[in-house]
Amino acid sequence: MSFNSVIGQKEAVEILQDEIKNERISHAYLFSAREGSGKSKLAFEFAKASFCEEAEADSCGSCINCRKMDHKNHPDYKVISVLEGKSAISIDQIRELKKEIAYKPYDSDHKIYIIEAAEKMTKEAANSLLKTLEEPPSFATIILLVEDSGKLLPTIVSRCQQIKLRNVDQKKIKNILLDKGLSQEKAEIISLTAAGSPGRALEIIEIDDYFEQRQLIYDFLKNIKSKNTIEIFKITEKISSLLKADFPCFDLLSDWYRDIMMIKQDYLEAVINKDYFEELKGLAAELSLQGLISDLELIAQSEKYIERNIREELSLEVLFFKLRQPDQE
Ligand SMILES: [Zn+2]
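Residues numbered from 1 in each chain as written. Predicted model: local features only at pLDDT ≥ 70, side-chain atom pairs only at ≥ 80, totals over all residues. Heavy atoms only, no water.

(A) Broad picture of the packing of helix α10 (residues 210-222) against helix α12 (residues 249-264). Running from amino to carboxyl end, α10 crosses α12 at an angle of 45°, the nearest separation of the two axes being 11 Å. Relative to α12, the element α10 lies oblique. Crossing handedness for the pair α10 and α12: right-handed. Across from Tyr210, Arg214, Ile217, Tyr218, Leu221 and Lys222 in α10, the residues of α12 making contact are Cys249, Leu252, Leu253, Asp255, Trp256 and Tyr257. Looking at the contact of α10 with α12 residue by residue, the class counts come to nine nonpolar, no polar and three charged. (Axes fitted to C-alpha atoms, helices over the stretch in contact; angles between N-to-C directions. Helix = DSSP H or I, 4+ residues; strand = E, 2+ residues; numbered from the N terminus. Parallel < 35°, antiparallel > 145°, perpendicular 65-115°, else oblique. Left-handed = near helix turned anticlockwise from the far one by under 90°. Contact = heavy atoms within 4.5 Å. Nonpolar A, V, L, I, M, F, W, Y, C, P; charged D, E, K, R; others polar.)

(B) View of the domain arrangement of the chain. The domains assigned to the chain are domain 1 (3-164), domain 2 (169-206) and domain 3 (208-324). Here the C-alpha centre of domain 3 lies 38 Å away from the C-alpha centre of domain 1. (Domains from an automatic or database assignment.)

(C) Main features of the UniProt feature "domain: DNA polymerase III delta subunit C-terminal" (unreviewed entry) in the chain. In the numbering used here, UniProt assigns the "domain: DNA polymerase III delta subunit C-terminal" (unreviewed entry) feature to residues 212-322. Between the end C-alpha atoms of residues 212-322 there is a gap of 25 Å, over a span that is 75% helix and 0% strand. (UniProt positions renumbered as here; feature names shortened; annotations may be inferred.)

(D) Fine view of the packing of aromatic side chains. Within this structure, the stated rule accounts for 10 aromatic pairs. Aromatic pair tyrosine 29 and phenylalanine 31: ring centres 6.1 Å apart, planes at 65°, arrangement edge-to-face. Among the residues examined, tyrosine 29 registers a relative accessible area of 0% and is labelled buried. Note on tyrosine 218 and tryptophan 256: the rings are 4.6 Å apart at their centroids and 35° apart in plane angle, and the pair reads as tilted. Taken together, the positions of tyrosine 218 in helix α10 and tryptophan 256 in helix α12 put the pair 38 residues apart, joining distant regions of the chain. Pair check on accessibility: tyrosine 218 and tryptophan 256 agree, each one buried. (Phe/Tyr/Trp six-rings, centres within 6.5 Å; stacked < 30°, edge-to-face > 60°. Buried < 20%, exposed > 50% of the residue type's maximum accessible area, 1.4 Å probe, protein only.)

(E) Geometry of a negative patch on the surface. Among the surface-exposed residues, Glu206, Asp208, Asp209 and Glu212 lie close enough to one another that they form a single negatively charged patch. According to the relative accessible area criterion, aspartate 208 is exposed, its value standing at 78%. (Patch = residues over 30% accessible without salt bridge, like charges linked within 9 Å, V, L, I, M, F, W, Y side chains within 5 Å. Areas by Shrake-Rupley, 256 points an atom, 1.4 Å probe, with all protein chains shown as cover. Salt bridge = Lys/Arg side-chain N within 4 Å of Asp/Glu carboxyl O. Lys, Arg positive; Asp, Glu negative; His and termini not counted. Charge placed at Lys NZ, Arg CZ, Asp CG, Glu CD.)

(F) How the structure looks around helix α13 (residues 277-286). Of all the residues in α13, the buried ones are Leu280, Leu283 and Ala284. The buried residues of α13 all sit within an arc of 105° when viewed along its axis, so they share a single face. Among the exposed residues of α13, those pointing more than 90 degrees away from its buried face are Glu278, Ala285 and Glu286. At its buried positions, α13 is contacted by α10 and α12. (Arc of directions from axis to C-beta.)

(G) Seen up close, the coordination of the zinc ion. The protein atoms donating to the zinc ion are Cys52 (SG), Cys60 (SG), Cys63 (SG) and Cys66 (SG), with metal-donor distances spanning 2.3 to 2.4 Å. Relative to the metal, the four donor atoms surrounding the zinc ion lie at angles of 104 to 116°, and the coordination shape comes out tetrahedral. Along the chain, the residues donating to the zinc ion are arranged with the sequence spacing C-x7-C-x2-C-x2-C. Take cysteine 52: its relative accessible area is 10%, and that puts it in the buried class. (Donors = N, O, S within 2.8 Å, 3.2 Å for Na, K, Ca; no water. Tetrahedral: all angles 85-135°; square planar, octahedral: opposite > 155°, others 65-115°.)

(H) Molecular detail of the sheet that holds strand β2 (residues 77-80). Sheet architecture is open: five strands sit in the order β2-β3-β4-β1-β5, paired in parallel fashion. Unpaired on one side and paired on the other, β2 and β5 (161-164) mark the two borders of the sheet. Each neighbouring strand pair of the sheet contributes to a mean axis angle of 20°, computed without reference to strand direction. Both β2 and strand β3 (residues 111-115) contribute to a ladder of four bridges, which runs parallel. Pairing of tyrosine 77 across the sheet is with isoleucine 112, part of β3. (Pairing = 2+ DSSP bridges.)

(I) Layout of the pairing of β3. In terms of burial, β3 is a largely internal element, five of the five residues being buried. With burial as the criterion, each face of β3 is covered, one bearing Lys111, Tyr113 and Ile115 and the other bearing Ile112 and Ile114. A crossover connection joins β2 to the parallel β3 through helix α4 (residues 91-101); in handedness this β-α-β unit is right-handed. In terms of strand pairing, β3 meets strand β4 (residues 140-146) through five bridges, oriented parallel. Residue lysine 111 lies in a different strand from β4, and its bridge partner there is alanine 140. Following the chain from β3 across helix α5 (residues 123-134) to the adjacent parallel β4, one finds a crossover that is right-handed. (Right-handed = clockwise from strand over helix to strand, strands pointing away.)

(J) Spotlight on the nonpolar core. Counting 48 residues, the largest nonpolar core has Ile217, Leu221, Trp256, Tyr257, Ile260 and Phe320 as its most contacted members. No other element matches the 10 residues that α12 contributes to this core. Composition of this core by domain shows at least three residues from each of domain 2 (169-206) and domain 3 (208-324). (Core = buried A, V, L, I, M, F, W, Y, C linked by side-chain atoms within 4.5 Å.)

(K) How the structure looks around the packing of α12 against helix α14 (residues 289-307). Where α12 meets α14, the closest approach of the two axes is 10 Å, and the angle between their N-to-C directions is 165°. Considering their axes alone, α12 and α14 lie roughly antiparallel with respect to each other. At the point where α12 passes α14, the crossing takes the left-handed sense. Between α12, through Phe250, Leu253, Ser254, Tyr257, Arg258, Ile260, Met261 and Lys264, and α14, the contact on the second element is made entirely by Leu289, Leu292, Ile293, Asp295, Leu296, Ile299, Ser302, Glu303 and Ile306. Per-class residue counts for the contact of α12 with α14 are 11 nonpolar, two polar and four charged.

This is the structure:
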């Protein structure tokens, strides 16, 4: 694998290749892009290309440095991320990074440290990192990966060279899915719901019964206004168990209401769930824009509660009862 394996990020790759070629690698980078757009992959390929002894501004895949990178045992490369079972990057992790990064590189003339989900550093961790970013060892590069650079301390952002990754073109994602053997219709739907993120699309196709569960949820939403209490309890139970299996229920819920809103505003080409177009169109005629906006807010709020483990089933019940309420103009 080399830079060729980074999908749809031509501009970012060119910038980074130029810096390797001209031996002008920065001490700190900030890669920002939504989840699944290939930040980690880009950071890995950049590091690998910078270590490679053979290829120019890319990796050969066979020199000792490339092989160590592929076997994940290159001593001059390290990835720091939120530890399993934790919700933040702690100051201890950053202290360890600072201690290690001060040692001279072993196999190369420089070393590269990656901090994944850097917005998840605690305040203390971020402040501690700031000092290293201000005075980095001459041979060290730190790459911060974030979804939204607005969530980092501005003083950290200003120390980094920013590389913004693009959302990947839907047709490109669709072609990847077609190559994997998906039907036209399924590839179209998944590439649209992935919203520019090939990683997201590849995750979805790994879910065995994605389309069955999607149908179950959408059949419910189609007629939610006429569902009785027992039916709401049943879907709550179902969605609760799907969430435990990491099924993207909330993406489906918000895509549904977003689609209705798009149709209502006549942005027909922006509709994701094209296979439900007639149903969505019918709902667009019945629901008000204001009602749809508040439905989307309810969904986002409920997702936040559940992420924070606040009474999952209750949050879902409340959500569905509210979504069922007649639309108020
Ligand atoms: Zn190599």
